[in-house]
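# Summary of structural features
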Amino acid sequence: MTDNQEPTYEGNMTRRRVVVAGGMAVAAVGAGGAAAVNAFAGTRDEATAAPGAETCYPLTSEAVEGPYYIDADKLRRNITEDQAGIPLSLGLRVIDAETCEPVRNAAVDIWHCSALGVYSGYEAMGSGGGGGGGPSGGPTDVPTGTPTGTPTGEPPSGPPPGGGGGHAEPTDDKRYLRGTWRTDRHGRVTFRTVFPGWYQGRCVHIHVKVHVDGTWTDAGYEGGHTCHTGQLFFFEKAVLASAEVAPYSTSTVTRTTLDEDTIYPGNGHEGGLLYLAYDKRHIARGVHARLTLGVVPEETDGSASAGPSPSATSS
């Protein structure tokens, strides 16, 4: 039995709207009307620009990069390495939000924490510090009375909750659950990984970047610019099911729900909420996730914290 988490959103067109002029308004109500509604619901796979349309696909919300991005240095679709967890197939499609043409040969980066909330490259941070959570332990020098002078305790060692905090230098050379791959002629790319876990201050999520106008060589991907930085999110029902499966069930970190998260914009699939399909009785068998990302390739993303320019090598 498969659980398809695909709600539709009626009347929620706050960022990008199809603008149909003159007689095209009649056509939208007719045979093309259902396709237009499906486009905004995020369910249409083959998005096609309608004549006279000002924009044809929702622009996917930007989100903070977080402190633990590592410049795309692993060209691969299977990013699992030896990490334990529920198998996850993540299919993304990159679409020009203004023309609905697929964005071909884009470099798509994804990275996320392990089933126990640890980011590769930053294992020293432990669970609760990766990707923008707070320090893994509570401070031991919190004053109990009214402060009378300068605090003498050590400042927190982790970035502030919510995914900010600027870019942090890696503490080790591990790179599991990180990878970059190119979109095909349909703008599609699929990664194999594991269902992410959680850490202090954040809901379950995956980070994503889209780079365009670079050069693919035998050595990797170089140059270009980043047109999208975002995060992908999971329905609570799936997260709760994953929490019953080892190793997720061994986590002692208090989980932040989707509604409690300070980064999730709350606008459904347009905000990065993934479509999920899995056997609701046996989620451990695997989860299929997918989403179309509406981007503007000509623009350079300005929401991410400063970091290294796109450059990758084959592995």
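For the structure given in this document, a descriptive report is provided here. (Residues numbered from 1 in each chain as written. Predicted model: local features only at pLDDT ≥ 70, side-chain atom pairs only at ≥ 80, totals over all residues. Heavy atoms only, no water.)

## Some words on the side chain of R175
Relative to the elements of secondary structure, R175 occurs in the loop between β3 (107-111) and β4 (178-182). Under the relative-accessibility criterion, R175 is labelled buried at 14%. Here D172 takes part through its backbone oxygen, which lies 3.1 Å from a polar atom of the side chain of R175. Dropping the residues within four chain positions of it, R175 is found in contact with I70, D73, K74, R76, E81, S120, G121 and P170. (Helix = DSSP H or I, 4+ residues; strand = E, 2+ residues; numbered from the N terminus. Buried < 20%, exposed > 50% of the residue type's maximum accessible area, 1.4 Å probe, protein only. Polar contact = N/O pair within 3.5 Å; in protein donor to acceptor, adjacent residues only side chain to side chain. Contact = heavy atoms within 4.5 Å.)

## Concerning the nonpolar core
If you look at the biggest cluster of nonpolar residues, it comprises 49 residues, and the most contacted ones within it are L92, V108, I110, F195, L232, F234 and L276. Those elements giving two or more residues to this core turn out to be β2 (87-96), β3, β5 (188-194), β6 (205-212), β9 (225-233), α3 (236-242), β10 (275-279) and β11 (287-295). No other element matches β11, which puts 5 residues into this core. Aside from chain neighbours lying at most four places away, what touches F195 is I86, L88, A115, V204, F234, A238, V239, S242, Y248 and V287. Y68, C113, Y119 and Y199 belong to the second largest nonpolar core, which has 9 residues in total. (Core = buried A, V, L, I, M, F, W, Y, C linked by side-chain atoms within 4.5 Å.)

## What about the pattern of salt bridges?
The tally for this structure, following the rule as stated, stands at 7 salt bridges. Between E81 and R76 there is a salt bridge whose closest N-O contact spans 2.8 Å. When its relative accessible area of 13% is taken as the criterion, R76 is described as buried. The partner of R202 in a salt bridge is D261, with the nearest N and O atoms 2.6 Å apart. With R202 in the loop between β5 and β6 and D261 in the loop between α3 and β10, this residue pair connects regions lying 59 residues apart in the sequence. Classification of R202 as buried rests on a relative accessible area of 0%. By sharing partners, the salt bridges in this structure join D279, R281 and R285 into a single network. (Salt bridge = Lys/Arg side-chain N within 4 Å of Asp/Glu carboxyl O.)

## Observations regarding the sheet that holds β4
Two orientations exist for strands paired in a sheet by backbone hydrogen bonds: parallel and antiparallel. As summarised here, the arrangement of the 4 strands in space is β4-β3-β6-β9, forming an open sheet in which the pairing is antiparallel. Strand pairing shows two members of the sheet lacking a second neighbour, β4 and β9, which therefore form its edges. Each neighbouring strand pair of the sheet contributes to a mean axis angle of 20°, computed without reference to strand direction. Note: β3 against β6, 5 bridges, orientation antiparallel. Bridged to W111 within β6 is H207. (Pairing = 2+ DSSP bridges. Axes fitted to C-alpha atoms, helices over the stretch in contact; angles between N-to-C directions.)

## Structural notes on the side chain of T256
Relative to the assigned elements, T256 resides in the loop between α3 and β10. Under the relative-accessibility criterion, T256 is labelled buried at 12%. When neighbours within four sequence positions are excluded, T256 is seen to be in contact with G201, R202, C203 and D261.

## Things to note about the packing of aromatic side chains
In the structure shown here, the tally under the stated rule is 8 aromatic pairs. Measuring from ring centre to ring centre gives 4.1 Å for Y68 and Y122, while their planes differ by 35°; the resulting arrangement is tilted. Remark: Y122 occurs in the loop between β3 and β4 and Y68 occurs in the loop between α2 (33-41) and β2; sequence separation between them is 54 residues. With relative accessibility at 1%, the residue Y122 sits in the buried group. (Phe/Tyr/Trp six-rings, centres within 6.5 Å; stacked < 30°, edge-to-face > 60°.)

## Let's talk about the pairing of β11
Walk down a regular strand and you will see the side chains alternate between the two sheet faces. Most of β11 is tucked away: 7 of the 9 residues are buried. Pairing analysis gives 9 bridges linking β2 to β11, with the strands arranged parallel. Residue pairing for β11: S89 is matched across the bridge by H288. Pairing geometry for β10 and β11, over 4 bridges, is antiparallel. The residue bridging Y278 from the neighbouring strand is V287, located in β11.

## Regarding unusual backbone geometry
A cis geometry characterises the amide bond from A246 onward to P247, with omega recorded as 5°. Mapped onto the elements, P247 comes out in the loop between α3 and β10. Even without being a glycine, E81 presents a positive backbone phi close to 55°. If you trace the backbone, E81 turns up in the loop between α2 and β2. The backbone of L177 sits at a positive phi, close to 60°, despite the residue not being glycine. For L177, the location among the structural elements is in the loop between β3 and β4. L177 sits in the buried class, given a relative accessible area of 0%.

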